[in-house]
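Analysis of the macromolecular model
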Amino acid sequence: MTGTAWKRGAARLLGAMAAMLAMLASPAARAEWWEAQTSHFVVYSESDQSDAEKFAALLERFDNALRTLQGMPVPGPEVGAANRVKVYRTGDTDNIAVFAHASGSGIAGFYIPRAGNPVAFVPARERIATSKGIERGPRLDIKTVLLHEYTHHFMLSNFSTAYPQWYTEGSAELYSTIRFMDDGSFHVGDVPQARGAALNALPDIPLARLFDTKATLSGMQQYQSYTFGWLLSHYLNFAPERKGQLLAYLKALNSGEDSLTAAKRVFGDLDALQREVRRYKRGPFLGYDVKPGNYVEPKVTMRRLSAAEEALIRDHMRSQRGVDRKEARDVASDMAGKDAAFSDSLPAQLWVGEAQIDARNWDAADAAADRALKLDPESSLANLLKANVFMGRGKADKSAYAKARPYFIKARHFDELDPRPAVGYYLSFREAGEAIPAPAVTALEQVYPEASFDPQYRLLLTRQLLDDGKGDLARTVIAPIAFQGHEGKEENLLLAVVKAIDDKKLDEARTKIAEIFKKMNDEGEK
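Per chain, residues are indexed from 1 in the order of the written sequence. Reporting in this predicted model follows two pLDDT cut-offs: at least 70 for local features of residues, and 80 or more for side-chain atom pairs to be given and counted; totals over whole chains, interfaces and linings ignore these cut-offs and use all residues. Only heavy atoms go into the side-chain values, all of them from the structure, while hydrogens and water stay out.

The helix and strand inventory of the protein chain stands at 25 helices and nine strands. Per-residue burial over the protein chain gives 50% buried out of 526 residues. The contact rule is simple, with two residues in contact once any of their heavy atoms fall within 4.5 Å. Considering only residue pairs separated by 6 or more positions, the protein chain has 65% of its internal contacts joining residues 24 or more positions apart. Per the convention used, a helix needs a DSSP run of H or I reaching at least four residues, while a strand needs a run of E reaching at least two, with both numbered from the N terminus. Under the scheme applied here, a residue whose accessible area is under 20% of the maximum for its type counts as buried, over 50% as exposed, and between as partly exposed, the area being computed with a 1.4 Å probe on protein chains only.

What follows deals with the sheet that holds strand β9 (residues 301-304). Spatially, six strands are ordered β4-β5-β3-β2-β1-β9 in an open sheet, and the strand pairing comes out mixed. Strands at the two margins of the open sheet, each flanked by one partner only, are β4 (110-112) and β9. Each neighbouring strand pair of the sheet contributes to a mean axis angle of 15°, computed without reference to strand direction. By the convention used here, strands pair only if DSSP detects at least 2 bridges between them. Sheet topology note: the strand β1 (residues 33-37)/β9 ladder contains four bridges and is antiparallel. Counted as the bridge partner of E35 is R303 from β9. All axes are obtained by fitting lines to C-alpha atoms, using only the stretch in contact for helices, and the reported angles, taken between N-to-C directions, cover 0 to 180 degrees. Across the sheet, helix α2 (residues 49-69) is in contact with β1, β2 (41-46), β3 (85-89), β5 (119-122) and β9; its angle to β2 comes to roughly 150°.

With that settled, consider the sheet that holds strand β8 (residues 288-290). With respect to topology, three strands assemble into an open sheet ordered β6-β7-β8, the strand pairing being antiparallel. What marks the edges here is a single partner per strand, and that holds for β6 (179-180) and β8. Strand direction decides the pairing type here: strand β7 (residues 186-188) and β8, joined by three bridges, are antiparallel. Residue pairing for β8: V188 is matched across the bridge by Y288.

Here we take up the packing of aromatic side chains. Working definition: a ring pair exists when centres of Phe, Tyr or Trp rings (six-membered ring for Trp) sit within 6.5 Å. Plane angles under 30 degrees give stacked, over 60 give edge-to-face, the rest tilted. The full count for this structure, using the stated rule, is 20 aromatic pairs. Judged by centre distance (5.7 Å) and plane angle (75°), the ring pair of W166 and Y167 falls under edge-to-face. Each of the two residues, W166 as well as Y167, counts as buried. Through a chain of ring-to-ring contacts, the aromatic side chains of Y163, W166, Y167, F211, Y249 and F267 assemble into a single cluster. Both a distance and an angle decide whether a charge sits over a ring: NZ of Lys or CZ of Arg must be within 6 Å of the ring centre and within 35 degrees of the ring normal. Sitting over the ring of F55, R89 keeps its end group 4.2 Å from the ring centre. Over the ring of F517 we find R463; its NZ or CZ atom is 3.8 Å from the centre of that ring.

A separate point is the side chain of T177. Tracing the backbone shows T177 in the loop between α5 (165-176) and β6. For T177, a relative accessible area of 10% translates into the label buried. Two N or O atoms count as a polar contact when they lie within 3.5 Å, although within protein this holds only if one can serve as hydrogen donor and the other as acceptor, and sequence-adjacent residues are included solely when both atoms are side-chain atoms. Here L174 takes part through its backbone oxygen, which lies 3.2 Å from a polar atom of the side chain of T177. Look past the residues within four positions of T177 in its chain and what remains in contact with it is H187, D190, V191 and P192.

Attention now moves to the confidence of the model for the protein chain. Per-residue confidence for the protein chain averages 87 on the pLDDT scale, and 89% of its residues sit at or above 70. Here residues 1-29 is modelled with pLDDT under 50, and outside its nearest four sequence neighbours on either side it reaches one contact, counting other chains as well. Per-residue confidence from the predictor is reported as pLDDT, a score between 0 and 100. Ignoring residues within four places in sequence, the model shows residues 129-138, a span with pLDDT below 50, making six contacts including any to other chains.

Grouped together as the largest cluster of nonpolar side chains are 115 residues, with contacts concentrated most on V87, W166, F211, Y249 and F267. With eight residues, the top contributor of residues to this core is α2. Residues contacting V87, with those up to four places away along its chain left out, are F41, V42, V43, Y44, F55, L59, A120, V122 and L146. I313, A369, A372 and A382 belong to the second largest nonpolar core, which has 30 residues in total. Residues enter a nonpolar core if they are buried and are Ala, Val, Leu, Ile, Met, Phe, Trp, Tyr or Cys, with the set joined through side-chain atoms within 4.5 Å.

The span you would expect from a helix comes to 1.5 Å times its residue count less one. For helix α19 (residues 420-432), built from 13 residues, the straight-helix expectation of 18 Å at 1.5 Å per residue is met to within 8% by its first-to-last C-alpha distance of 18 Å. The element α19 is extensively covered by neighbouring structure, given that ten of its 13 residues are classed as buried. Three or more residues of α19 are buried, namely P421, A422, V423, G424, Y425, Y426, L427, S428, F429 and A432. Immediately downstream of α19, the backbone of G433 shows phi near 75°, a positive value.

Quick look at the packing of helix α23 (residues 471-482) against helix α24 (residues 493-502) now. Where α23 meets α24, the closest approach of the two axes is 9 Å, and the angle between their N-to-C directions is 150°. By the angle between their directions, the pair α23 and α24 is classed as roughly antiparallel. For the element pair α23 and α24, the recorded crossing hand is left-handed. For the pair α23 and α24, contact is made by G471, A474, R475, I478, A479, I481 and A482 and by L494, L495, V497, V498, I501 and D502, respectively. Tallied by class, residues from the contact of α23 with α24 come to ten nonpolar, one polar and two charged. The labels follow the angle: roughly parallel below 35 degrees, roughly antiparallel above 145, roughly perpendicular from 65 to 115, and oblique for the rest. The handedness criterion is simple: a crossing whose near helix is rotated anticlockwise from the far helix by less than a right angle is left-handed, and one whose near helix is rotated clockwise is right-handed. Each residue receives one of three labels: charged for Asp, Glu, Lys and Arg, nonpolar for Ala, Val, Leu, Ile, Met, Phe, Trp, Tyr, Cys and Pro, and polar for the others, Gly being one of them.

Salt bridges, as used here, are contacts in which a Lys or Arg side-chain nitrogen is within 4 Å of a carboxyl oxygen on Asp or Glu. All chains considered together, the criterion is met by 29 salt bridges. Measuring nitrogen to oxygen at the nearest pair gives 3.0 Å for the salt bridge that ties R84 to E78. Its salt-bridge partner being R278, residue D204 comes within 3.2 Å of it at the nearest N-O pair. Placement of D204 in the loop between α6 (196-201) and α7 (207-210) and of R278 in helix α11 (residues 270-280) is noted, with a sequence separation of 74 residues between them. Classification of D204 by relative accessible area gives buried; the value is 14%. For R278, a relative accessible area of 38% gives the class partly exposed. In the salt-bridge network here, residues are joined through shared partners; they are D363, D366, D370, K386 and R393.

Given below as C-alpha cells:
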C-alpha cells in the first residue's frame, strides 16, 4: 500500500470510528456551557456547573479585594449588564492561542477593553504537556493572567491617576498573586512564580532609563517591565524605609513634572535605589494579610445556556474576539441563517446581527435586528443593533446616520448604564460631518464612569474636550493611558498630547490627537 493510499484508508477508518463514537455518545457526555453571573462578571464556561460557579466567585472575590485595598465600598455600585466583564472559558491554552491569533504561544488568556462590552478569553483547563511530554518550571496560570488584566480594567475604571508603564504592569503583577483564604481574608505580596526565572536570569533595567519616558527600551527590557516592574513596585509598596515615596512620585508625575526629574527628586540617588532593589530580589519578600469586615461570599447566579446559545457560542466568541475583513466574512457565513433557525431566541438575533455587521452584510444584519425588536421592542441591545446597522450604511449613504439616532435614544433609555448608545449617538453626528449638538457632547461626557476603561473612548472624549478648549479636563482623560513610552523609535503621540497641553499649546495637542485618529483609521482599513 502506498503512503497516500494508507492515509486515505486511515482517514476512512478514523472517520468511521468518529461517527460510531458520536452515535454512542449520550447527551450527558456532550460539553456543557454555563453562564455564571456576579456583580462585575459574566462567565461563559464550557465546564460543569460547579466549576463555572467557583471560577466566577473567585473573580468577584478579587474585585472585592481590590475595593477593600482602596477603601471602596464592597461590592460597590451597580455597574450594569453591559459593563460586566464577559469571560469566555473553553478548551486549553492551545484553543485560546487560536483566538488570540498566536497559535503555539501557550498564551493563558487575554482581555479586550471595549466600552459596553469588555471581554476576556481564558482556557477552561490547564495544559501541562509539551512536545517533550513534561513542562518544567512555573507557568503563567489562567487565574494570574486574568487577574493581572482585570487590575488594569479596575484601575482605569475607578481612578484618573496616570501611571508609568513599569508601575502599571508591576502593580498588576503584584495584585494578580493575591491569595484567598477560606475565612474571607486574603494575602497580598506573593511572588509571581512564573516571572522568577526571568527575574534571576536577566539583568535589571537601569532605573535612569526606566524612569525616563523619552528613553527607548530594548525588546528584552520591555519584557522585563513586567518582572523588574513587579520587583520595584513590591519594594516601593512594602519597604518601610521608602514609605510614602511612591505616592509622592506619582503625584509629581500627575502634576506635570518630568518623570525622571521627579524620580531623582523623590527617590534620591537612583544608583542607591537600584542597589537596594537588587538586594531585595534575594528576599525575603514582605506582604500582609487582610481580613475584610463583615465578609460575605459573592453571590453567583447560574444559568445553563439555551440550545440556541450553545449552537452559536463558538462563532459568537470568534466575533467577540475581533475580526478582520476575511474573518468577518467567514464568521458571518458560518452564522448565516441561524437567526431564522432560532427565531424565538433574542441572543441568536443579536449575535448573528453583530457578525453580519462586521461582514458589512447590511440586509442580513437588518433582518436580524428586526427579529430582535419584534421579540423585545424594549431591549436596549436590540435597539442598539438596529442603530448600528444604520451607522454601517452611513458610510455609503450619509442620510442613514440620522436614522440611527432614534434607536440610540431608545437604547439609552432602556439601559442608562450602557455607554454604547451615548457614544453611538455622538458619533452619528461626527461621522455625518454635521455640527455636534450640545446634548450629544453631554451624553459622551456622562458615560465616562461606565466607559473609562476603554482607551478608544478616552481618545474620543479627549478630542472633543480639546475641540471645546478644555485642555485641563482633556489631560485628566488621556494621561492615564499616555505614560507608557519606551515602545520603540516612533513618537509616543499620547504623551505628546499631554506635553502640548502642559505647555498650553492646545492647537498642537489637537494636531497630535488628529494624527492618532488618522493612524487608527489607516490601520482599520487594512
